[in-house]
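Here is how the chains run, residue by residue.
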Amino acid sequence: MNATGKCRWPRVLADLDSGHPGPTLIVSGGIHGNEPAGVLAALEVTKALGERGLQRGRLVALVGNRSALGRGCRYVERDLNRRWFPDEIAELRERDPAEDTVEDREQRELLERIEPLLAGDRPAIFIDLHSTSGGGPPFVCGADTLRNLDVAAALPLPMILGLEEIIVGSMLGYLCNLGHSGLAIEGGQHDDPLTSRRHASCIWLILHKLSMAQLGETKLEHHRRLLEDACEGLPGFVEIRHRHVVETEDEFVMKPGFTGFEPVEMGEVVAEDQRGPIEAPESGRMLLPRYQGQGEDGFFVTRDFPEWRLHLSAFMRRLRLDLLAPLLPGVRRDPDHPDQLFTDRPSLSPLTSEMLALWGYRRRVVEGDRLVITRRRGDGPVDPFDPLRS
C-alpha cells in the first residue's frame, strides 16, 4: 500500500511475445489485495526475460485487484476471486459500467485483457499466484486433469487435489472450465520475503517445462532447491477432505499457532465462533488456516494421497475407463454434458466416490433431488505432440 491508497502497478505488467509458435502463459498476481508477492515475482521474471527474450510462445503478466492492492486489503467490497460464474459474467457484460462496484470494474478490466488472449489457436496456460495469512510451506493446486498434473510436475511442491473443485467462483476455475490449463500456487506467508522468491522460481521452472525459456543446470538446480528446501518431509500429493465455510456473522477465530500441513487429530479444537468450539472432523493435515479478517474459508483438512493412486488414476483415464461410470450403482451420465454424471441418491457410497475421484470426477453439487458429479472439461490423455509439452 502507498500513501495515496493507489496501486503503483499497471493492469498489464508485461506482454512478451517471442514471435515463434508456442503456448500463451498468463501469470496473474494480487487478485487478493493483501497478496502482493505474486506481482513482485512476475515483475522480476518479466524484467529479466525482457532483456534475454523468450524462445517461443507468449508471456503475459497481469495484476489482479489493483484497488485492493492499493489499500493493502484482501478486497474492497467483494472477493474478486469468488464470482467468476458464466451467468454473473453475462450480467456484468450487459450492465451499465456506471453501476459497477469496485470489484466489478476490476473484473471487467481483467476480462478485457484475458479474452483476446484466448481467441487465437495457441493453447493457454494460467498461473495464479497467491500467499497465505498463516505460515506454512508453498504448494500448488489446480483442477484434477491430466494436463494440469503434467504442468505441475515441473514444480517440486506438494500438489493439492480437490481444492479447485471445492472453492467455486474462482477466476482460475472459470478459465479452466473453458478448456484451458491452470494452476494456483501458494508461495508462503503474505509478508515473508521468501514468498515472492518462491513464486519467481515457480514461473522460471514452468517456462523451462514449456520450452519458453531454457535454463542452465545451475539455475534449474537453484530454483528447484529453493522450493524443495521449503517442502522437505512433506507428501507429494494430498487431497481435500473437509472445508470449513465462514459466514460474516460467525465471528470466526482460528486458534493460534496452526500452519499449513501441520497434523491435526479428529476432535481437536482448531477454532471457535459464536456457536462455540470447532473441532477437526477427521485426522489429517491443516491447510490454509484463516488468520485474517476477510474470506469465507476458515480452514481445510486434507489427507495424504499416495503417489501410486495418482499413477493408477492417470492409467485409468488414459484407458477411458470413465466410460464405465454408468455401471456404478445409481450413477447415470448426463446426455447433454459429457463431463457430468448424476445420481438420484443424496450421497455416494465410499467405493463409488473413490472410483469417480480416480477418474477425475471430484465436484459434487446437490441440485434439487439429485447429486451432480462433474470433472473439468477436457480431461483427456495428454498428447505427446501437444505444444504444451517440452
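Cut-off values and rules
Throughout this document, residue positions are counted from 1 along each chain, in the order its sequence is written. Given that the model is predicted, a residue must reach a pLDDT of at least 70 before its local features are reported, and side-chain atom pairs must reach 80 or more before they are shown or counted; all residues, however, enter totals for whole chains, interfaces and linings. Just so you know, side-chain values use all the structure's heavy atoms and leave hydrogens and water out. In DSSP terms, a helix is any run of H or I states spanning at least four residues, a strand is any run of E spanning at least two, and both are numbered starting from the N terminus. Only the C-alpha atoms count toward the radius of gyration. The rule for a globule is 2.2 Å times the residue count to the power 0.38. Each residue is assigned to one of three classes by its accessible area relative to the maximum for its type, calculated with a 1.4 Å probe on protein chains only: buried under 20%, partly exposed between the two thresholds, exposed over 50%. What makes two residues a contact is simply this: any of their non-hydrogen atoms within 4.5 Å. Whether two strands pair comes down to DSSP finding at least two bridges between them. For every residue, the predictor assigns a confidence score, pLDDT, that lies between 0 and 100. By definition, a salt bridge exists where a carboxyl oxygen of Asp or Glu is found within 4 Å of a side-chain nitrogen of Lys or Arg.

Engineer: Is there a simple way to explain the overall build of the chain in this structure?
Structural biologist: Assigned secondary structure in the chain consists of 11 helices and 18 strands. Relative to the compact-globule value of 21 Å for 390 residues, the chain shows a C-alpha radius of gyration of 21 Å, a close match. Expressed along its principal axes, the backbone C-alpha trace of the chain runs to roughly 60 × 50 × 50 Å. Here the chain holds 390 residues, and 55% of them are scored as buried. For the chain, restricting intrachain contacts to residue pairs at least 6 apart in sequence, the fraction spanning at least 24 positions comes to 71%.

Engineer: Please explain the pairing of strand 11 (residues 269-273) as it appears in this structure.
Structural biologist: One face of the sheet, then the other: side chains in a regular strand alternate in exactly this way. One ladder, built from two bridges, connects strand 9 (residues 253-254) with strand 11; its direction is antiparallel. Residue pairing in the sheet places Met254 in a bridge with Ala271 of strand 11. Inspection of the sheet shows strand 11 paired to strand 12 (residues 276-279) by four bridges, in the antiparallel sense. The partner of Glu272 across the bridge, within strand 12, is Pro277. Count of turn residues in the strand 11/strand 12 antiparallel hairpin: two residues.

Engineer: Looking at this model, I keep getting lost on the confidence of the model for the chain. Mind explaining?
Structural biologist: For residues with low pLDDT, the predicted coordinates do not support detailed interpretation. For the chain, per-residue confidence averages 90 on the pLDDT scale, and residues scoring 70 or more make up 95% of the total. This stretch, residues 381-390, has a pLDDT under 50; its non-local contacts, to residues over four places away or in other chains, come to 27 contacts.

Engineer: What am I meant to see in the pattern of salt bridges here?
Structural biologist: Think of it this way: side chains of opposite charge can pair up when their charged atoms draw near. For the structure shown, the criterion picks out 36 salt bridges. Notably, a salt bridge pairs Asp100 with Arg95, separated by 3.8 Å at the nearest N-O pair. Since its relative accessible area comes to 25%, Arg95 is described here as partly exposed. Note that Asp100 and Arg108 form a salt bridge whose closest N and O atoms lie 2.8 Å from each other. Pair check on accessibility: Asp100 and Arg108 agree, each one buried. Each of Asp144, Glu239, Arg303, Arg309, Arg317, Glu354 and Arg362 takes part in one network of salt bridges that share partners.

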